[in-house]
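Results of the structural survey
This is what each chain is made of:
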Amino acid sequence: MNDEEERRFREFVAARSPALMRTATLLTGGDTHAAEDLLQTALAKAAGRWGRLESPEAYLRQVLYRQQVSLWRLLRTRRETTVAELPDAAGREDAAGAAELRILVRRALARLTARQRTMLVLRYFEDCPEGEVAELLGCSVGTVRSTTHRALAKLRALVPELDPAAAPGGGLGFGNSPVEVWK
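Figured I'd write up the structure that's included with this text. Predicted, not measured: the structure shown is a model, and the values here were computed from it.

Turning to helix α2 (residues 32-49), a few remarks are in order. Given a rise of 1.5 Å per residue, 18 residues ought to cover 26 Å, and the 26 Å separating the end C-alpha atoms of α2 matches this to within 8%. Residues Ala35, Leu38, Leu39, Ala42, Leu43 and Ala46 constitute the buried set of α2. All buried residues of α2 project into a common sector of 130° when viewed along the axis, lining one side. α2 presents His33, Gln40, Ala44 and Gly48 as exposed residues on the side facing more than 90 degrees away from its buried surface. For α2, the N-terminal capping position is held by aspartate 31, with its side-chain oxygen 3.2 Å away from the main-chain nitrogen of histidine 33.

Moving on, we come to the side chain of glutamate 126. With respect to the element layout, glutamate 126 can be found in the loop between α5 (114-125) and α6 (130-137). Here the side chain of glutamate 126 touches tyrosine 65 through a polar contact of 3.3 Å, side chain to side chain. Setting aside residues up to four positions removed in sequence, glutamate 126 forms contacts with Thr23, Arg61, Tyr65 and Val121.

This next bit is on the packing of aromatic side chains. One pass over the full model with this rule turns up two aromatic pairs. Here the aromatic rings of phenylalanine 9 and tryptophan 50 are separated by 5.0 Å at their centres, their planes lie at 75°, and the arrangement is edge-to-face. With a gap of 41 residues between them, phenylalanine 9 in helix α1 (residues 3-27) and tryptophan 50 in the loop between α2 and α3 (56-74) connect regions that are remote in the sequence. The same class applies to phenylalanine 9 and to tryptophan 50, which are both buried. Here the aromatic rings of phenylalanine 12 and tryptophan 50 are separated by 5.3 Å at their centres, their planes lie at 50°, and the arrangement is tilted. In this pair, phenylalanine 12 sits in helix α1 while tryptophan 50 sits in the loop between α2 and α3, placing the two residues 38 residues apart along the sequence. The two residues phenylalanine 12 and tryptophan 50 agree in class, both being buried. Taken together, the aromatic side chains of Phe9, Phe12 and Trp50 make up a single cluster linked through ring pairs. Directly above the aromatic system of tyrosine 124 lies the positively charged group of arginine 123, at a separation of 5.7 Å from the ring centroid.

What follows is about the nonpolar core. Counting 46 residues, the largest nonpolar core has Leu64, Leu120 and Val159 as its most contacted members. Looking at this core, the elements that each hand over two or more residues are α1, α2, α3, α4 (95-111), α5, α6 and α7 (141-158). Ranked by the residues each element gives to this core, the list is headed by α1, at seven residues. In this view, leucine 64 contacts Leu20, Thr23, Ala24, Leu27, Leu38, Leu39 and Ala42; residues no more than four positions away in its chain are not counted.

Conventions used here
- Each residue is numbered by its place in its chain's sequence as written, counting from 1.
- In keeping with the predicted nature of the model, local features appear solely for residues at pLDDT of at least 70, side-chain atom pairs appear and are counted solely at 80 or more, and the whole-chain, interface and lining totals rest on all residues.
- The side-chain values count all of the structure's non-hydrogen atoms but skip hydrogen atoms and water molecules.
- Note on conventions: DSSP H or I runs of at least 4 residues are helices, E runs of at least 2 residues are strands, and numbering of each starts at the N terminus.
- What a helix should span is 1.5 Å times the count of its residues minus one.
- Relative accessibility under 20% of the residue-type maximum defines a buried residue, over 50% an exposed one, and the middle range a partly exposed one, all with a 1.4 Å probe and only protein chains included.
- Here the arc refers to the directions that run from the helix axis out to each C-beta atom.
- A 3.5 Å cut-off defines polar contacts: any pair of N or O atoms within that distance qualifies, except that in protein one atom must be a possible hydrogen donor and the other a possible acceptor, and neighbouring residues in sequence count only when both atoms are side-chain atoms.
- Contacts: residue pairs with any heavy atoms within 4.5 Å of one another.
- Classification of ring pairs uses Phe, Tyr and Trp, with its six-membered ring standing for Trp, and accepts pairs whose centres are within 6.5 Å; under 30 degrees between planes counts as stacked, over 60 as edge-to-face, and the remaining range as tilted.
- Here, over-ring charges are defined by two tests on the NZ atom of lysine or the CZ atom of arginine: distance to the ring centre within 6 Å, and angle to the ring normal within 35 degrees.
- Remark: nonpolar core denotes a set of buried residues (Ala, Val, Leu, Ile, Met, Phe, Trp, Tyr, Cys) joined through side-chain atoms within 4.5 Å.

Here's what the structure looks like:
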C-alpha cells in the first residue's frame, strides 16, 4: 500500500468505523469485544486489498457477514442458555423505558442463534433483499425466509413489546421490523 492509499484507508476507517462497529455489534449479539475482533479482522482483510477495492464499504460488510457466518458454523455445538423468567416489560412513555426496551432486544438477540441474528441484521438493519442475503450467506432464499420467520417469532416471544398484536395497547408498532429499537 502506497502513502496515498494508506491515507485514504485511514480516512475511511475514521469515517466509517462507527457504522461498521454497530453492524458488527449486532452480528455478535451485543458482545462488544467480539464485535471489535470481527471488525478488526474485516479491516485487516480490506487493508491488504485496499488499492483494488471498487466499493470498500460493501467489501467490508461482506467480510463482516461471512466471518460471522464462519464463526457460527464453528460454534454450532454451543448450547443455548435459558433463564427461569423473562425480563420485566419495558414502558414506552419515557426515555428510560426506551432504553430498557433496547436492552431487552439486545439480550433477546444474544439468545438467538448466530444464524438467526445474522439473518435479522441483514434483512432489517442492513435492509438487504432475501436474494442478496441468500447469496451473501451461501444458502437458498427459502432458508432465508424460514430462518428469518423463526428468528422473528423467537424475538417476539422473548420481547413481547415488539409484537403489536400480542402487546397491551397495540405494542410498539414495529411489526416485522425490530430495527427501530436497535438504533
